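Here is what each chain is made of, one letter per residue.
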Amino acid sequence: MIARTRKSGPADDAEAARGQIAELREMIRHHDHLYYVLDQPEISDAEYDRLLHELTALEEHFPNLVTPDSPTQRVAGEPRPGFSEIEHTAPMLSLDSGAAEEAVRRFDARLRSALGEDAVAYVVEPKLDGLSVELVYEDGSLAWAATRGDSRVGEDVTANIRTIGSVPLKLRAGARPVPRRLSLRGEAIMLIAEFERLNARLTQEDKPVFANPRNAAAGSLRQLDPSITAARPLTFYAYELMTIEGPEPARQWEVLDALRDWGFKVTRHTTRARSIAEAIEIHHELERQRDDLEYEVDGVVIKLDDLSARETLGETAHHPRWAFAYKFEPRREVSEILDIVVQVGRTGKLTPVAMLRPVDVGGVTVSRASLHNREEVERKDVRVGDKVRIQRAGDVIPQVLERVGEPGKKRRPVFKMPTHCPSCGAPVVSHGPLDFCTNGLACPAQLKARVQHFASRDALDISGLGERTVEQLLATGLVGSVADLLSLTETDLLKLEGFAEVSAKNLVDAIQSAKEITLDRFLFALGIPEVGTQTARDLGQHFGTLDAFLAATHDELEAVPGIGPKVAEAVSDFLRSTATRKTIASLRKQGLKLIEAEAAGDGQFAGLTFVFTGALESITRGRAEELVRSLGGRTSSSISAKTDYVVVGSDPGSKYERARELGIKILSEKEFLRLLPKNAL
Ligand code: IVH
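Quantities reported herein were computed from a predicted structural model and do not represent experimental measurements. (Residues numbered from 1 in each chain as written. Predicted model: local features only at pLDDT ≥ 70, side-chain atom pairs only at ≥ 80, totals over all residues. Heavy atoms only, no water.)

### Quick notes on the environment of Gly140
Link 1 in the chain: Along the chain, the position of Gly140 falls in the loop between β4 (131-138) and β5 (141-147).
Link 2 in the chain: Taking the relative accessible area as the measure of exposure, Gly140 reaches 5% and is therefore buried.
Link 3 in the chain: If near-sequence neighbours (up to four positions away) are discounted, Gly140 is found in contact with Leu169, Lys170, Leu171, Val178, Pro179 and Arg180. (Helix = DSSP H or I, 4+ residues; strand = E, 2+ residues; numbered from the N terminus. Buried < 20%, exposed > 50% of the residue type's maximum accessible area, 1.4 Å probe, protein only. Contact = heavy atoms within 4.5 Å.)

### As for the packing of aromatic side chains
Link 1 in the chain: Within the structure shown, the criterion is met by 11 aromatic pairs.
Link 2 in the chain: Summarising the aromatic geometry, the rings of Tyr35 and Tyr36 are spaced 4.8 Å apart at their centres and angled 85° between planes, so their arrangement reads as edge-to-face.
Link 3 in the chain: Residue classification places Tyr35 among the partly exposed residues on the basis of a relative accessible area of 41%.
Link 4 in the chain: The exposure class of Tyr36 is partly exposed, given its relative accessible area of 35%.
Link 5 in the chain: Through a chain of ring-to-ring contacts, the aromatic side chains of Phe605, Phe610, Phe612, Tyr645 and Phe672 assemble into a single cluster.
Link 6 in the chain: The cationic tip of Arg310 hangs over the ring face of Trp322; the distance from NZ or CZ to the ring centre is 3.8 Å. (Phe/Tyr/Trp six-rings, centres within 6.5 Å; stacked < 30°, edge-to-face > 60°. Lys NZ or Arg CZ within 6 Å of the ring centre and 35° of its normal.)

### Digging into the sheet that holds strand β7 (residues 181-189)
Link 1 in the chain: If you trace the 4 strands from one edge of the open sheet to the other, you get β5-β4-β7-β8, paired in antiparallel fashion. A single partner strand is all that each edge strand has here, and the edge strands are β5 and β8 (235-245). Across the sheet, the mean angle from the axis of one strand to that of its neighbour is 25°, orientation sign disregarded.
Link 2 in the chain: Pairing of β4 with β5 involves 6 bridges; the strand directions are antiparallel. Each residue of the ladder has a partner; that of Leu135, found in β5, is Ala145. (Pairing = 2+ DSSP bridges. Axes fitted to C-alpha atoms, helices over the stretch in contact; angles between N-to-C directions.)

### Points about helix α9 (residues 276-289)
Each turn of an α-helix holds 3.6 residues, which means side chains three or four residues apart point in the same direction.
Link 1 in the chain: Taking 1.5 Å as the rise per residue, α9 with 14 residues should run 20 Å; its terminal C-alpha atoms sit 20 Å apart, in good agreement.
Link 2 in the chain: Considered for burial, the residues of α9 that qualify are Ile276, Ala279, Ile280, Ile282, His283 and Leu286. Buried residues of α9, seen end-on, are gathered within an arc of 155° and therefore sit on one face of the element.
Link 3 in the chain: In this fold, the buried residues of α9 make contact with α3 (101-115), β3 (122-128), β9 (271-273), β10 (297-304) and β11 (323-327). (Expected span 1.5 Å × (residues − 1). Arc of directions from axis to C-beta.)

### Things to note about the nonpolar core
Link 1 in the chain: If you look at the biggest cluster of nonpolar residues, it comprises 54 residues, and the most contacted ones within it are Phe522 and Phe549.
Link 2 in the chain: The element that contributes the greatest number of residues to this core is helix α16 (residues 501-514), accounting for 6 residues.
Link 3 in the chain: In this view, Phe522 contacts Ile517, Leu546, Ile584, Leu587, Leu592 and Leu594; residues no more than four positions away in its chain are not counted.
Link 4 in the chain: With 38 residues, the next largest nonpolar core counts Leu131, Val167, Ala218 and Ile244 among its residues. (Core = buried A, V, L, I, M, F, W, Y, C linked by side-chain atoms within 4.5 Å.)

What follows is the structure in structure tokens.
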């Protein structure tokens, strides 16, 4: 049933069209609000589509009447090369948080002592687990939207946010006046039901699934191609006012009402609490309901209701003093160890893995968990057949927390690390708590892990080379070393199950284009023990060419900024091995081409390490770091005795203190900018 009636008839002149367009927009907005915000649609999809088509047709006929806040303008635009940056109207702070009741009571005591006993009343909101976004409305229309970013500057996601149905493109005018300018904060999330539908669809399309709704929301919103965002079911909940030009609400409770009036979705789980005891009770109640909620919630946010008192309290560099995120306990469940299998990694390290009776831990099925190493298994004293408590902290990686005692039960024998590699049968040697297969790349498990690493995203980035293909390549003998990958032909691939002309050609093309690679990626790809992406970058930057790197002595390695004695040792062992030399020689023979840079020796910042802390004013931190690197310097996120300069922006964190303690040279943003060559910016 259509809720409102409407004049009809052809729009033969622009004036009549203008009236019809306005009316259609109003109706569509009304039905959007009923559908996306209130979850109470009043018309069928077909009727809704008819309205939208009618409006689209009119707008096509009178293109000069199209406005950005028209319901037709949610459609996704063209993909962009990158996100541009937007400065927030006010810093998007994070929240002070904790899972202990004690911490919540201390928070309350501070508020009462600063404001007086009677001034303190709270609003308790669910802490939604998604992506925090700022939305800005000018004269009632959505002007822009940005992710949190570094809290001062975020990514411009306006085009993506516009595709979310529960975000009004135009504020609803009603009982409450629409402010001239309004900026607010809320969370872009994926409802659990939508998340499950999306993953089911991805599985069907043979695409990787998301680990949890938060990752799905982030992956969907931070898309350069807004049509992908549009195809993903995101929901936006508003919860905080940032700036307003217009009548100012006095309390958070009123803010939430105003947000609802303006057309936003506000969660139905917000409650007022007169005391902290009530707030704590609400936390417990919501935690009990946690598994039945339509969205992922990881705690409650307890906020001071009185907005002028908030101003009295102010904020620290990181978080407001008037709010506290009271987290839920990490999810835990009990399961049983069905088996302990031992996996062999690319360095030959043996890892015991508990195979569990599958158990749902907060919406994710857990059927295995790493037990890390021999000592860890001993410490936890877990054996096959034991009941264990599983925890999934925040998201992804599940852990075996502890054994659940079962008095009187006869237990199975203690787990023993095998003396021979489960993959190739070669003897195993122990280094401290760790155990290694001694067979190097002659061990199929090591070779498989090595090949997978070599092709992985931060290495050669060969897309289309999945685990199953690698297994087939090794099993058929087509690949016996990482270098063999580079010489694969379409004819080779067609011998494998699951390959057809097109997929074979695509993979060969991907391999061919991966042959040209920067030095730092290549060093990472080699899988040198102890060398992750950052260390690979440090080494690449320092040595500039592969030959310079291959010629490095232990002392030279240790002198590289960012490299400690342990890493230097591992790298020089790796360099001395004949297997390494052989691998590199055959990779070169197969046409590997390195994109090499000038060694760091040349730039103005050669040999210097910079750390940035706090928000910069005239340049983003990412850009500043890039400049340092382009001038031959090195950037790091942590301060050590090897740091030469700390550049301090506004609201610096503890790094500033640490730099002062260590007597490291501190630069203001201005001083840093003065060091740069004139044309650098
Ligand atoms: S208020 C200045 N309210 O939690 C305080 N935040 O670590 C602004 N969050 O980044 C935040 N639900 O993404 C607020 N009801 C809620 C929230 C909420 C989720 C997120 C937000 C923030 C993080 C804090």
